[in-house]
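The lines below spell out each chain.
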Amino acid sequence: PFVSVAQRGNLFATQFHPEKSGEAGLRLIDNFISSSDLTLPTSLPAAEDSVNRGLAKRIVACLDVRENDQGDLVVTKGDQYDVRETVGDREVRNLGKPVALASRYFDEGADEVTFLNITSFRGEPLGDTPMLQILERSSEGVFVPLCIGGGIRDYEDSNGLSYTALEVAARYFRAGADKVSIGSDAVYAAEKFIENGKFEDSSIGAISFVYGAQAVVVSIDPKRVYVGSPKDTEHVTTLAQQKGPNGEEYCWYQCTVKGGREARDIDVVQLATSVESMGAGEILLNSVDADGSNAGYDLPL
C-alpha cells in the first residue's frame, strides 16, 4: 500500500489523474472545489465490501473508426476485419457517431476509450481534421483515458512537407489523447530489428522517450497459420483453439499490417518482445480470426 492522495490546508495533491478516473475522480474534484473549509479533517465511510476480489477488471471500449462511402467518419464493426455489409450495396457498417458512442461507453462505466482509425494508412494524419475534432469533442465529456490509433508514422504530405511520428503524436496529445496506438509502423520496426540485430530509430522509442512508455500502445493484429507440428515452422507455436482445415492441431500467429490486409513473416511473440524493448508500455492484442465471431477470446493467442 502507498499514499496516493495528500492534503494539508488548501493544498491537495494526487499521484494519479482524477480528471481521468471516471465518476470517482470527478467526485474527488467536486469535493475539493465545494468544500467550505479544507482545514477540517474529513472522515470517510468504510467500504461496504472489503473482500479481496483480486485484480480489478478494466473495460476498454475500442471503436473502429473509418470513413463510409459518403465520406462521414463512423464507428464500424468487422467480421474478420471485413467492415462491409454482406448484402445489398456492401455499404460500410455504420454503428453510430464516434463522439456519441464514446460518451455512451463512458456513461456505462468503461475505464478507457480507444479510437482506431482503421483506414488512416491511406491518408495524411495531420490533415485528418475530423479525427482531431473527434478527440477534442470527446475529451470535453469523457473523463477516462483516451487512446488514438492509426497514422502514427513518419510521412510526407501532398505539399512535400515532412512530419515525424513524434510530431503526429504531439498533435493528437494536444487534441486530448492520453495515449497513442501504433500498428503497422511497429511491425516494420520489429522486422528491421530482427534482420539487423539492433534497434534503429523508431516512432515507438521517440514517443516513449518524450512522453513516457505509458503513453505508447502497440496494436497487434495477428491471424492463425496452421501447422501439423511445431517442427514445421521456426515461429512460436501453440495448440490451436480449433483444428485447422486439414486437421492441424498447432498454429502460430502471423502479424499483419494495413488493418489486417497484408501478412508479414513475423509472429506475435517476436513483435511483442521487440516493441517492449523499444519502449512500448502497453499492447492492444487483437485477433483477426475471432473478430466479429461472437465466440469469445482467442485464449491461446
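The structure we're discussing is the one just above.
Residues numbered from 1 in each chain as written. Predicted model: local features only at pLDDT ≥ 70, side-chain atom pairs only at ≥ 80, totals over all residues. Heavy atoms only, no water.

**Considerations on unusual backbone geometry**
- A positive phi angle, near 55°, is found at K258, a position not held by glycine.
- Here K258 shows up in the loop between β13 (250-257) and β14 (262-267).
- We note that N294 has phi near 55°; this positive angle belongs to a residue other than glycine. (Helix = DSSP H or I, 4+ residues; strand = E, 2+ residues; numbered from the N terminus.)

**Considerations on the packing of helix α4 (residues 165-174) against helix α6 (residues 203-211)**
- Direction vectors running N to C along α4 and α6 enclose 45°, while the axes themselves pass 9 Å from each other. As summarised for this structure, α4 and α6 are arranged oblique, according to the angle between their axes. Considering the relative orientation of α4 and α6, their crossing is right-handed. Contacts from A165, L166, A169, A170 and F173 of α4 reach α6 at S203, A206, I207, V210 and Y211.
- Of the residues that constitute the contact of α4 with α6, the class distribution is nine nonpolar, one polar and no charged. (Axes fitted to C-alpha atoms, helices over the stretch in contact; angles between N-to-C directions. Parallel < 35°, antiparallel > 145°, perpendicular 65-115°, else oblique. Left-handed = near helix turned anticlockwise from the far one by under 90°. Contact = heavy atoms within 4.5 Å. Nonpolar A, V, L, I, M, F, W, Y, C, P; charged D, E, K, R; others polar.)

**Some details on the packing of helix α5 (residues 184-196) against helix α7 (residues 268-278)**
- Running from N to C, α5 and α7 cross one another at 90°; their axes reach a closest spacing of 9 Å. When the axes of α5 and α7 are compared, the pair comes out roughly perpendicular. Of α7, the residues touching α5 (which contributes A186, V187, A189, A190, F193 and I194) are Q270, L271, S274, V275 and M278.
- Taken together, the residues of the contact of α5 with α7 sort by class into nine nonpolar, two polar and no charged.

**So, the sheet that holds strand β6 (residues 146-149)**
- A sheet is described by the order of its strands in space; here seven strands give the open sequence β4-β3-β5-β6-β9-β10-β15, paired in mixed fashion. Edge positions in the sheet fall to β4 (73-76) and β15 (282-285), since each of these pairs with one other strand and no more. Looking at each pair of strands side by side, their axes are set apart by 30° on average, direction ignored.
- Both strand β3 (residues 60-67) and strand β5 (residues 112-117) contribute to a ladder of six bridges, which runs parallel. When the bridges of β5 are listed, D64 appears paired with L116. (Pairing = 2+ DSSP bridges.)

**A look at the environment of G279**
- Checked against the element boundaries, G279 lands in the loop between α7 and β15.
- Expressed as a C-alpha distance, the spacing of G279 and Q70, which sit 209 residues apart in the sequence, is 39 Å.
- Look past the residues within four positions of G279 in its chain and what remains in contact with it is I204, S208, A213 and V216.

**Here we look at the pairing of β4**
- Across the two faces of β4 the burial is the same, with L73 and V75 and V74 and T76 all buried.
- Note that β3 and β4 share four bridges and pair antiparallel. Within β4, the residue paired with V65 across the bridge is V75.
- Count of turn residues in the β3/β4 antiparallel hairpin: five residues, of which G71 carries a positive phi of about 90°. (Buried < 20%, exposed > 50% of the residue type's maximum accessible area, 1.4 Å probe, protein only.)

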